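Read off the chains here:
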Amino acid sequence: MAVNAKKVAVYVVVVFVAYVIITDPQKAADYVLIGFQGISDAAKALGDFATWVADGGK
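Residues numbered from 1 in each chain as written. Predicted model: local features only at pLDDT ≥ 70, side-chain atom pairs only at ≥ 80, totals over all residues. Heavy atoms only, no water.

A. Quick peek at the overall build of the chain. Within the chain, the secondary structure is distributed over two helices and zero strands. At 18 Å, the chain has a C-alpha radius of gyration far larger than the 10 Å of a compact globule built from 58 residues. Projected onto its principal axes, the C-alpha coordinates of the chain cover approximately 50 × 35 × 10 Å. Counting over 58 residues, the chain shows a buried share of 3%. (Helix = DSSP H or I, 4+ residues; strand = E, 2+ residues; numbered from the N terminus. Rg over C-alpha atoms; globule rule 2.2 N^0.38 Å. Buried < 20%, exposed > 50% of the residue type's maximum accessible area, 1.4 Å probe, protein only.)

The following block contains the structure:
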């Protein structure tokens, strides 16, 4: 049962993404930019934390 629910959820997400891309490509590009910015910020935060730990937590 859980596998079927997962398949349905993935299908719904794919259909929604296709709908957004087709109906408003500019907004879809903005969403992608926001996503990559979030990933970049998270990677920078992890790097800052690793540097802090390597410096002895000072």
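There is more to say after this.
B. Structural context of the pattern of salt bridges. Here the structure, examined in full by the defined rule, presents one salt bridge. A salt bridge links aspartate 48 to lysine 44, with the shortest nitrogen-to-oxygen separation between them at 3.0 Å. Within this pair, aspartate 48 and its partner lysine 44 are both found in helix H2 (residues 25–54), separated by four residues, close to a single helical turn. The class for aspartate 48 is partly exposed, based on a relative accessible area of 43%. (Salt bridge = Lys/Arg side-chain N within 4 Å of Asp/Glu carboxyl O.)

C. Region of the structure containing H2. With 30 residues, H2 extends 43 Å from end C-alpha to end C-alpha; this agrees with the ideal 44 Å at 1.5 Å per step. Phi for glycine 56, located one or two positions after H2, is positive at around 90 degrees. (Expected span 1.5 Å × (residues − 1).)

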